[in-house]
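Results of the structural survey
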Amino acid sequence: MKEMLTIAMPKGRIFLEAVELLRGAGYELPPEFDDSRKLIIEVEEEKFQFILAKPMDVPTYVEHGVADLGIAGKDVMLEEERDVYELLDLKISGCYLAVAGLPDKKMNDVAPKVATKYPHLAAAYFREQGEQVEIIKLNGSIELAPIIGLSDRIVDIVSTGQTLKENGLVEYEKITDITSRLIVNPVSYRMKDARISELVSRLSKVVNPA
Amino acid sequence: MTELFMFEKPLGMRDTLPDLYETKSRARSSIKAEMKQWGYQFIATPALEYYETVGTASAIQDQQLFKLLDQQGHTLVLRPDMTAPIARVAASKLLNDDLPLRLAYSESLYRAQQREGGRPAEFEQVGVECIGDNTISADGEMIALAVSSLKKAGLTNFQLSVGHIGFVQDLFLQILGNEERAQTLTKYLFEKNYVGYREHVQSLSLSSIDRQRLFSFLDMRGGEEVIDKALSVVENGKGKAAIGELRVLWDIIREYGVESSVKFDLTLVSHMSYYTGILFEIYAGNVGFPIGNGGRYDRLLQKFGKPTGATGFAVRLDRLLESLGGLQETTPLHCVLFSSERRQEAFAAAAEKRANGENVVLQDISGVKDIDACTSKFSDITFLVGKTGKGPLS
């Protein structure tokens, strides 16, 4: 009897890409998932249970051990700093974190402001640069902030640059590259050692073909 | 009296209500009894200590300390662990005859939480320290005692992962050449960032053999076979000595008969600088966090002026209870309800039951508004009400 592995991951594109990776690793998954409304999907044959969560919440589920494994963007890992193992770079949903703003706009000398979904990460980045800025946390549509004058800069993920361009923004600095990572709870990593090690080694062959 | 903050407690502080209290105290006393039977003597130390001594000597990060000032302006800390206070006591009072010292404790500790305010900032640890014994037998004793204490507390599904920090340090030093580079790589392990570890190794200019040694290190987890794997990546020096220690440890673990609960995990780095040799973490089902940890810390006693080795372990009671699952049934509670006419008779009845080891509540019936609610609250009830022999019920 194999024990159940619970895997938390974001809904939508990342879920589909992850499923593709698992198929590539030889796991028998059904051809189609009805993931429109469901929060939990079970695959009895392979003893997988997928939890479909908000991207930002994936490391939380894993840290608390309600999910053994998770698929989380490096951006989320940097922001959340959860106590979990980051085992594998899955090399899916690649993008990068960047500082952007209106073209030819200098940072305000009196009260420079930066809007972002990643307050922790952005604060750390500007501290390293030796710049004092005020961080404003937003939950979405970050591009709005410089346009309406809430902030001079934004820190956000960029994949194609299309969204920035459409909103008349330009990129100033690239902070770091982002891909999705396979993360695991420290207790599960020991208690479900055999299954997790197998999964990791099968997946790493797909991700890093020799 | 102001009504402000009536139900509120400082962040991370919790009340323990009767049922939980009893469950907790049962688990605590079964672990304590086991530790006593292994010859460990319990001691207590103050909750407040000087920041300069215990605060800085402890393994806990500075931002997790609760600090306050005393009337003279000295900085104090609420003890964040028990190992440093015990090292202080041992160094100043107890370590006089150069004999190994076996001490135990069961105390509340205080660590400020960085996120999610609901996590406990005060929690109880039960643990032991074995001071002044540098043998592997002492390390083995920690593991065997941890296993047997947890079993006594009723835990069945748990595992210890054992590593050796000396092996990690020497392997990295041999391959990378200097302390600073070894430290950088160790940090990736400590942060559990294996992706970063691999990228970092890839970015270093190393021979492909050395690179492979560092990659294969990440897989050094499992049973006895890990020892041979480890020997294939270090040929000499302290690293080899560390593996020798683990081999002896495995024999000891087997002789104690606890090998089914123990695995090796050489990637284990519980702290950046605190531990100096064999170390371990304890994991249990139903809890996402380690329920306990331990290891050898040979540099701590030195800070208190007694250069000697020591090892120990501690179990977090709150996480142990979480793993045991739910509240245990409370001890049956008997109630003797009496009216003033039969008061003396009630007292005698209660005294007799108490002498037989029962827990008995004596309640004057005129103090009870709702008899039904009262009777349903107790496992058993005796009415001594009305004139002698004519009680409405009995």
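About the cut-offs
- Residue indices follow the written sequence of each chain, beginning from 1 at its first position.
- All chains are assigned letters beginning with A, and all ligands numbers beginning with 1, in the order in which they are written.
- The predicted nature of this model means local features are confined to residues of pLDDT at least 70 and side-chain atom pairs, given and counted, to a pLDDT of 80 or more, with totals for whole chains, interfaces and linings taken over all residues.
- Neither water nor hydrogens contribute to the side-chain values; these are computed over all heavy atoms in the structure.
- Strands here mean DSSP runs of E at least two residues long; helices mean DSSP runs of H or I at least four residues long; both are numbered from the N terminus.
- Should any heavy atoms of two residues lie within 4.5 Å, those residues are counted as being in contact.
- Put simply, a salt bridge is a Lys or Arg side-chain nitrogen that is within 4 Å of an Asp or Glu carboxyl oxygen.
- Residue burial is assigned from relative accessible area. The probe radius is 1.4 Å, only protein chains are included, and a residue is buried under 20% of its type maximum, exposed over 50%, and partly exposed in between.
- Should DSSP find at least two bridges between two strands, the strands are taken to pair.
- Axis definition: a line fitted to C-alpha atoms, over the contacting stretch in the case of helices. Angles run 0 to 180 degrees between N-to-C directions.
- Every angle not falling under 35 degrees, over 145, or within 65 to 115 is termed oblique; those three ranges are roughly parallel, roughly antiparallel and roughly perpendicular.
- Throughout, a crossing is termed right-handed when the near helix is turned clockwise from the far one, and left-handed when it is turned anticlockwise from it by less than a right angle.
- When residue character is reported, Ala, Val, Leu, Ile, Met, Phe, Trp, Tyr, Cys and Pro are called nonpolar, Asp, Glu, Lys and Arg charged, and the others, Gly included, polar.
- One less than the residue count of a helix, multiplied by 1.5 Å, gives the span that helix is expected to have.
- Exposure above 30% relative accessible area and no salt bridge define the residues that can form patches, which grow by joining like charges within 9 Å and nonpolar side chains of Val, Leu, Ile, Met, Phe, Trp and Tyr within 5 Å.
- Each accessible area is a Shrake-Rupley estimate made with a 1.4 Å probe; only the visible protein chains count as cover when residues are assessed.
- By nonpolar core is meant a set of buried Ala, Val, Leu, Ile, Met, Phe, Trp, Tyr and Cys residues that side-chain atoms within 4.5 Å join together.
- Every residue gets a pLDDT, meaning the predictor's confidence in that residue, from 0 to 100.

1. Points about the environment of V84(A)
Mapped onto the elements, V84(A) comes out in the loop between helix 3 (74–80) and strand 5 (85–89). Spatially, the C-alpha atoms of V84(A) and P186(A) are 5.9 Å apart, while their sequence positions differ by 102 residues. Contacts of V84(A), omitting those with residues within four sequence positions, involve P59(A), V62(A), E63(A), M77(A), I183(A), V184(A), P186(A), E191(B) and K192(B).

2. Overview of the pattern of salt bridges
Following the criterion strictly, the structure yields 34 salt bridges over all chains and no others. Between E20(A) and R23(A) there is a salt bridge, with the nearest N and O atoms lying 3.2 Å from each other. With a gap of three residues between them, E20(A) and R23(A) both fall in helix 1 (residues 13–24), about one helical turn apart. Look at R23(A) and you get partly exposed, because its relative accessible area is 27%. With a shortest N-O distance of 3.0 Å, E191(B) and K187(B) are connected by a salt bridge. Of the residues examined, E191(B) reaches a relative accessible area of 41% and is grouped as partly exposed. A cluster of three or more residues bridged by salt bridges with shared partners is formed by E63(A), E80(A), R82(A) and R119(B).

3. Some remarks on the sheet that holds strand 2 (residues 40–43) of chain A
With mixed pairing, the six strands of this open sheet are ordered in space as 2-3-1-4-11-5 (chain A). Looking at strand neighbours, the two that pair on one side only are strand 2 and strand 5 of chain A, the edges of this open sheet. Sheet twist, expressed as the average angle between the axes of neighbouring strands with direction ignored, equals 25°. Sheet topology note: the strand 4 (residues 69–73) of chain A/strand 11 (residues 180–184) of chain A ladder contains five bridges and is antiparallel. The residue bridging A72(A) from the neighbouring strand is R181(A), located in strand 11 of chain A. Together, strand 5 and strand 11 of chain A form the strand contacts of helix 7 (residues 194–203) of chain B, whose direction differs from that of strand 5 of chain A by roughly 55°.

4. Digging into unusual backbone geometry
For E81(A), which is not glycine, the phi torsion reads 45° and is therefore positive. Inspection of the secondary structure assignment puts E81(A) in the loop between helix 3 and strand 5. Within the chain, K192(B) stands out as a residue other than glycine whose phi angle is a positive 60°. Assignment of secondary structure puts K192(B) in the loop between helix 6 (179–190) and helix 7. Of the residues examined, K192(B) reaches a relative accessible area of 13% and is grouped as buried.

5. Let's talk about the packing of helix 5 (residues 165–176) of chain B against helix 6 of chain B
Residues and elements named next belong to chain B. Between helix 5 and helix 6, whose axes approach to 9 Å, the crossing angle comes to 130°. Between helix 5 and helix 6, the angle is such that the two are oblique. Seen from above, helix 5 lies across helix 6 with right-handed handedness. Between helix 5 and helix 6, the residues in contact are V168, F172, L173 and L176 and E179, R181, A182, L185, T186 and L189, respectively. Of the residues belonging to the contact of helix 5 with helix 6, the class tally is seven nonpolar, one polar and two charged.

6. Re helix 4 (residues 136–152) of chain B
All names here are of chain B. For helix 4, which comprises 17 residues, the first-to-last C-alpha distance of 24 Å matches the rise-based estimate of 24 Å (1.5 Å per residue) to within 8%. A large share of helix 4 lies buried, amounting to 14 of its 17 residues. Following helix 4 by one or two positions, G154 adopts a phi angle in the positive range, close to 100°.

7. Some thoughts on a nonpolar patch on the surface
Together, L144(A), I147(A), I148(A) and L150(A) make up an exposed nonpolar region whose accessible area comes to about 370 Å². Mapped onto the elements, L150(A) comes out in the loop between helix 5 (144–148) and strand 9 (153–158).

8. With respect to the nonpolar core
Note on soluble globular proteins: their nonpolar side chains tend to be buried together. Ranked by size, the top nonpolar core spans 132 residues in total, and within it F50(A), F167(B), F172(B), F217(B) and L320(B) carry the most contacts. With eight residues, the single largest contributor to this core is helix 4 of chain B. Setting aside residues no more than four positions away along its own chain, F167(B) makes contact with F217(B), M220(B), A230(B), V233(B), V234(B), G239(B), A242(B), I243(B) and L266(B). Grouped together as the second largest cluster of nonpolar side chains are twelve residues, C95(A), L97(A), V99(A) and V155(A) included.

9. A look at the confidence of the model for chain B
All names here are of chain B. Within chain B, residue pLDDT values average 90, and 96% of them lie at 70 or more. Between the elements of chain B, mean pLDDT differs from a low of 85, seen in helix 2 (residues 51–57), to a high of 97, seen in helix 4. For residues 390–394, every residue scores under 50 in pLDDT, and the model assigns this stretch six contacts once sequence neighbours within four places are set aside.

10. Here we look at the packing of helix 5 of chain B against helix 10 (residues 237–256) of chain B
Residues and elements named next belong to chain B. Close contact between helix 5 and helix 10 brings their axes to 8 Å; oriented N to C, the two are set at 155°. Taken as axis vectors, helix 5 and helix 10 run roughly antiparallel relative to one another. Like other packed secondary-structure pairs, helix 5 and helix 10 cross with a definite hand, here left-handed. Where helix 5 abuts helix 10, its residues G166, F167 and D170 lie against G237, K238, G239, A242 and I243. For the contact of helix 5 with helix 10, the residue count by class is three nonpolar, three polar and two charged.

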